Amino acid sequence: MSAPLFEKVAFIGLGLIGSSLARVMMAEGLTQNIVASTRSEKTLQDAKALGLIQQGYSDPVQAVQGADLVVLALPVRATQKVLETIKPYLQEHTIITDVGSTKGNVVDAAKAVYGEALPAGFVPGHPIAGAEHTGVHAGKVDLFANHKVILTPLPTSADWAVEKLIQLWQAAKAEVICMDVAKHDEVLAHTSHLPHLMAFNLVEQLANREDNLDIFRYAAGGFRDFSRIAASDPQMWHDIFFANKKAILNAVDGFENQLATIRKLIEDEDSHALMGLLGHAQAARQHFNHMLAQKPFMENNKVTTQQFTILPGKKSFQGKFSVPGDKSVSHRSIMFGAIAEGTTHVTGFLEGEDALATLQAFRDMGVSIEGPKNGEVTIHGVGVNGLKAPASALYMGNSGTSMRLLSGMLSAQKFDSVMTGDASLSKRPMERIAKPLREMGAQIQTTGERGTPPVSITGNQALQGIHYDLPMASAQVKSGILLAGLWAAGETSVTEPEPTRDHTERMLRAFGYDVKTEGNRISLQGGGKLVGTEIQVPSDISSAAFFMVGAAITEGSDVTLEAVGINPTRTGVIEILKQMGANITVENERIAGGEPIADIRIQGTRTLKGIHMPEDQVPLAIDEFPALFIAAACAEGRTVLTGAAELRVKESDRIQVMADGLKTMGIDCTPTDDGIIIEGKGHSGEWGAIFTGGEIESHHDHRIAMSFSMAGLRTSGEIKIIGTETVATSFPTFTQLSNQAGLAIQVTE
Ligand code: S3P
């Protein structure tokens, strides 16, 4: 048996937190000797009866003698007095920590006792865990499991003390984070103290009404959820509000401003702006879920995910819609705006999780970015040499574009970086970009099992320009190399086997950077600069594609998708649907922000027919095949796709996953190495059900989920699509717009 972590642990105070930690220490064998001092004799007796402590004292001096760990688990306001009392009896190697919710005042209390020369063993801490009940009996051994514990080591804190405390909290199955004291207090003011203040205040507001009994009696889930935390200890919150006064008052000011904004929107009945605000907040909430918790994506994990249900029945599909901004263009607007000189203003930005992951990454690298708000983003560029080292790994969520393009940019920085992603991204090949970057001198490692993320980069400011013949048609790899080329010596050029989306080239030019395109060869010279500009993001044709397919397979449908980007490197879906006989017109073509856009109208007037999909259109429709497979299933005759092996390395293996889903829904199809054969079930002039319904697993792939949703327009049985939360990566308004058109998707969490 290894030696216990501590010889003697003294708790000063033994409420919920202290007694829970004592339980962990007992259960994990972290010490043989726990003692406590509290003012309440009863607490000590109870703690002894529960077997939590060996000895209890009313005098803290007796408790701390010979202890190598002292845990101050008492109200923060008592800290100074206790420290004064126990100071002469602490040993040099004694670790002193606390569990208070504010840290600045704990440090002030310690300084009042010790002056600036604080003991090396003093490391304040804050377990972010609680329960509605308090006291020694309420303690639980698993109170801290899967919760965060923040340690705030001081300049005077010794590494050995910090390390032991990390071990202690990890034994409690907590996630330990270290940050400085001021940051802790600011973060907590916003994430904990303000919500508690609001909960107490709301309950108070309702309690003061004359009809309060009725209000409480009939109060439904909203009030219950919101007010739960107002049941916590008033004395504790009284103390916290004073202890963290400055940061809390700042947070309250921010709240008041925001409240005034929403109040005015309601008063003015500004429906557009109110929807914008609510939608933005909802997207942000989902974003935090995925970015921070990361739980819904974890493999083999029972966390409930979102699901779509679509019931059978004849449906119409009608209307004029603006789908959200283009994902590829949105990513690039942030990346280029960040390294430009001056300000970049973006409109039509996609507020989906993928683009938000890019936005967050640049914020993490010190770029000041305003918004997004109603699709508007303002980026205060820092210039090509202005990015700063991120404090921790950059989390790219589901987004391959972010990871591959940033691989190029980060390889050329003066700092090191690590990029991670969710379960889907963690399976995607990154060597395809790492290999050419290494030829340029980049020090980049794909640390996953098979050349997959995490990607770890040691910055190198001496990259060399190269020429690279791309082995696959990939705009992401092309772009990643060209972006590294911005910092490389001399010329960087790539030749692509077939043209792929050219947003990088177009947008670099819009930022004043010279990029040459000669046939399939694209080149640029390193060492230039980008100048901030205006970017108008067109609607994403890849999102419009679901509605195009939906309309094409539904009798009497008439759908217009407004202001969609029709960059010729993206229009494969229109060409292929036309070849299948769909009734599509491209109207009102114009240029907006350097990209061609148009309104696309699709009417369900004739049965589609199966075709051999043209291989030259594959890169131009690369993201649209899942939707096109749904169209093929509704077509008359066989559809064959070849030359599309890239589909196997998208957010999921889109050939296999689509084939599995199609088979589940009664469609005869055969996946091949580089495509699929689908036996369409359509008959000329007939518009009845094609799909049998069934349960579809989306494999964390937004486009799989949205494609099978469209099958709901022609189904004879209920369709359930599991794992649809990733739809928010590219098309946060998908269900809302689909339902407006007539599809009736039910969303359950
Ligand atoms: C993208 C390029 C394509 C596409 C992806 C976005 C881009 O990926 O599938 O959704 O923005 O450059 P590949 O480069 O892997 O083909």
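Just above, that's the structure.
Remember, predicted model here, so these are calculated numbers, not experimental data. (Residues numbered from 1 in each chain as written. Predicted model: local features only at pLDDT ≥ 70, side-chain atom pairs only at ≥ 80, totals over all residues. Heavy atoms only, no water.)

## Details of the sheet that holds strand β13 (residues 376-380)
No. 1: Taken in spatial order, the four strands make up an open sheet running β12-β13-β11-β22, and their pairing is mixed. Edge strands, defined here as strands with exactly one partner in the open sheet, are β12 (368-373) and β22 (534-536). Neighbour-to-neighbour, the strand axes of this sheet turn through a mean angle of 10°, independent of strand direction.
No. 2: Its contacts with the sheet put helix α13 (residues 327-339) on β11 (343-347), β12, β13 and β22, and the angle it makes with β13 is roughly 25°.
No. 3: In the packing of helix α14 (residues 353-364) onto the sheet, contacts are made with β12 and β13, and the angle to β12 comes to roughly 155°. (Pairing = 2+ DSSP bridges. Helix = DSSP H or I, 4+ residues; strand = E, 2+ residues; numbered from the N terminus. Axes fitted to C-alpha atoms, helices over the stretch in contact; angles between N-to-C directions. Contact = heavy atoms within 4.5 Å.)

## Looking at the pairing of β13
No. 1: Two elements, β11 and β13, share four bridges in a ladder whose sense is antiparallel. Counterpart to H345 in the pairing with β13 is T378.
No. 2: Here β12 runs beside β13; their pairing, made up of four bridges, is antiparallel. Pairing of S368 across the sheet is with H380, part of β13.

## A word on the pairing of strand β2 (residues 34-37)
No. 1: Of the two faces of β2, the one carrying I34 and A36 and the one carrying V35 and S37 are both buried.
No. 2: The sheet contact formed by strand β1 (residues 9-12) and β2 spans four bridges and is parallel. Within β2, the residue paired with A10 across the bridge is V35.
No. 3: As defined by bridge partners, β2 adjoins strand β3 (residues 55-57) across three bridges and the pair is classed as parallel. By the bridge assignment, A36 is partnered in β3 with G56. (Buried < 20%, exposed > 50% of the residue type's maximum accessible area, 1.4 Å probe, protein only.)

## As for the site of the ligand
No. 1: Every one of the 13 residues lining the ligand counts as a neighbour, but S328, R332, S474, D623 and K650 are closest to it.
No. 2: Within the backbone of Q476, a nitrogen or oxygen atom sits 2.8 Å from an oxygen atom of the ligand.
No. 3: Note that an oxygen atom of the ligand is positioned 2.6 Å from one of the side-chain N or O atoms of D623.
No. 4: Bound to the protein, the ligand loses 96% of the 380 Å² it would expose on its own.
No. 5: Every element with two or more residues in the shell around the ligand is listed here: α13, α15 (400-411) and α17 (475-485).
No. 6: It is α13 that contributes the most residues to the shell around the ligand, three residues altogether.
No. 7: Looking at the shell around the ligand, its residues break down into three nonpolar, four polar and six charged. (Near = heavy atom within 4 Å. Polar contact = N/O pair within 3.5 Å; in protein donor to acceptor, adjacent residues only side chain to side chain. Areas by Shrake-Rupley, 256 points an atom, 1.4 Å probe, with all protein chains shown as cover. Nonpolar A, V, L, I, M, F, W, Y, C, P; charged D, E, K, R; others polar.)

## Digging into the packing of helix α16 (residues 431-439) against α17
No. 1: Here α16 crosses α17 at 30°, and the two axes come no closer than 9 Å. Taken together, the axes of α16 and α17 lie roughly parallel to each other. Relative to α17, α16 is oriented so that their crossing is right-handed. Facing α16, whose interface residues are R432, I433, P436 and L437, α17 presents V477, G480, I481 and A484.
No. 2: Counted by class, the contact of α16 with α17 contains six nonpolar, one polar and one charged residues. (Parallel < 35°, antiparallel > 145°, perpendicular 65-115°, else oblique. Left-handed = near helix turned anticlockwise from the far one by under 90°.)

## Here we look at unusual backbone geometry
No. 1: A cis amide bond, omega 5°, links G371 with the succeeding residue P372.
No. 2: Note on placement: P372 falls in strand β12.
No. 3: In this structure, the amide linkage connecting P453 to the following residue, P454, adopts the cis form with an omega of 0°.
No. 4: You can see P454 is positioned in the loop between β16 (443-446) and β17 (455-458).

## Some remarks on the sheet that holds strand β7 (residues 148-151)
What holds strands together in a sheet is hydrogen bonding between their backbones, with the strands either parallel or antiparallel.
No. 1: Reading across from one edge, β6-β7-β8 is the order of the three strands in this open sheet, with mixed pairing throughout. The strands lining the two open edges of the sheet, one partner per strand, are β6 (125-127) and β8 (175-178). For this sheet the average axis-to-axis angle between neighbouring strands, irrespective of direction, equals 20°.
No. 2: Taken together, the three bridges between β6 and β7 define a ladder with antiparallel strand orientation.

## Looking at the environment of P127
No. 1: With respect to the secondary-structure elements, P127 resides in strand β6.
No. 2: For P127, a relative accessible area of 3% translates into the label buried.
No. 3: In sequence terms P127 and G565 are 438 residues apart; their C-alpha atoms lie 49 Å from each other.
No. 4: Discounting residues that sit within four places of it in the chain, P127 has contacts with I17, V99, F144, K148, V149 and W169.

Everything listed here is a matter of coordinates, which is why it stays silent on function.
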